[in-house]
Amino acid sequence: MRRAWGAAALALAFAGATADAQMLGERKFLTLDGARQMGAAAAAEAKRNGWDVAIAIVDKAGELVYFERFDKAAPASTENAIGKARTAARYERPTRILEDDIAGGRAAILGLPGMVGVEGGLEIRASGEIVGGIGVSGTSPQDTAVAKAGLSALR
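So, here is what we can say about the structure in this document. (Residues numbered from 1 in each chain as written. Predicted model: local features only at pLDDT ≥ 70, side-chain atom pairs only at ≥ 80, totals over all residues. Heavy atoms only, no water.)

Take unusual backbone geometry next. Positive phi values are uncommon outside glycine, yet Glu92 reaches one of about 55°. According to the relative accessible area criterion, Glu92 is partly exposed, its value standing at 41%. With phi around 55°, Ser127 is a residue other than glycine that occupies positive phi space. Within the secondary structure layout, Ser127 lies in the loop between β3 (121-126) and β4 (129-137). Classification of Ser127 as exposed rests on a relative accessible area of 71%. (Buried < 20%, exposed > 50% of the residue type's maximum accessible area, 1.4 Å probe, protein only. Helix = DSSP H or I, 4+ residues; strand = E, 2+ residues; numbered from the N terminus.)

Below, the structure is given as structure tokens:
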């Protein structure tokens, strides 16, 4: 009798594990090494052009994975870079699109939580899935060029 109960309990345990496995998905994520490689590529682009910037890379949730601020970058660049990276990751689009929307009269966008609608933030995708964001703060048109250089390290 004990064997029968033991077998039944074991079967239920495996049935529960199977149900859990069916309810959970797999996702890609940004590794620290990946973020470091992106940061190095972005920093190299900024140095090559003599641009003083801050570079932030966040995961899909917007949590900081990598950060670097050049010696002569403005102190405000720190929060701006992180905000741009978070915005790109969480809203799943380049911050330039949001900036253009604001300039086009969609002022309501300014009320979105945690949104930084200034050019220089790009979402990071792996196999079409958002895995994070990169944000650069210095001078907006240059910021996007530096962020793109960082993204190129993933390809």
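The next thing to look at is the sheet that holds strand β1 (residues 54-59). An order of β2-β1-β4-β3 is seen for the four strands of this open sheet, with the pairing classed as antiparallel. Bordering the open sheet on either side are β2 (64-69) and β3, each of which pairs with just one other strand. The average undirected angle you get between the axes of adjacent strands in this sheet is 15°. For β1 and β2, the ladder comprises five bridges, and the chain directions are antiparallel. (Pairing = 2+ DSSP bridges. Axes fitted to C-alpha atoms, helices over the stretch in contact; angles between N-to-C directions.)

Where β3 meets β4, six bridges bridge the pair, whose relative direction is antiparallel. Opposite Ile124, over in β4, you have Gly132 as the bridge partner. The turn joining β3 and β4, which pair antiparallel and follow one another in sequence, is formed by two residues; a positive phi near 55° is taken by Ser127.

The next thing to look at is the pattern of salt bridges. Tallying each qualifying case throughout the model produces seven salt bridges. Linking Asp33 and Arg36 is a salt bridge whose minimum nitrogen-to-oxygen distance equals 3.7 Å. Here Arg36 and Asp33 lie together in helix α2 (residues 32-49), a separation of three residues that amounts to about one turn. Classification of Arg36 as partly exposed rests on a relative accessible area of 47%. (Salt bridge = Lys/Arg side-chain N within 4 Å of Asp/Glu carboxyl O.)

Our next topic: the nonpolar core. Among the nonpolar cores identified, the biggest contains 21 residues, and Ile55, Ile57, Ile124 and Ile134 are the most heavily contacted of them. Only α2, β1, β3, β4 and α5 (140-152) provide two or more residues apiece to this core. With five residues, the single largest contributor to this core is α2. Discounting residues that sit within four places of it in the chain, Ile55 has contacts with Gly39, Ala42, Ala43, Tyr66, Phe67, Glu68, Phe70, Ala81, Ile134, Gly135, Val136 and Val146. Residues Val58, Ala81, Ile82 and Ala85 belong to the second largest nonpolar core, which totals seven residues. (Core = buried A, V, L, I, M, F, W, Y, C linked by side-chain atoms within 4.5 Å. Contact = heavy atoms within 4.5 Å.)

Attention now moves to the packing of α2 against α5. In the contact formed by α2 and α5, the axes pass within 7 Å of each other and the chain directions differ by 140°. By the angle between their axes, α2 is oblique relative to α5. For the element pair α2 and α5, the recorded crossing hand is right-handed. Contacts from Met38, Ala41, Ala42, Glu45 and Ala46 of α2 reach α5 at Ala145, Val146, Ala149, Gly150 and Leu151. (Parallel < 35°, antiparallel > 145°, perpendicular 65-115°, else oblique. Left-handed = near helix turned anticlockwise from the far one by under 90°.)

What follows is about the packing of aromatic side chains. Scanning the model with the defined rule gives zero aromatic pairs in all. Note that Lys47 overlies the ring of Phe70, its terminal NZ or CZ placed 5.8 Å from the centroid. (Phe/Tyr/Trp six-rings, centres within 6.5 Å; stacked < 30°, edge-to-face > 60°. Lys NZ or Arg CZ within 6 Å of the ring centre and 35° of its normal.)

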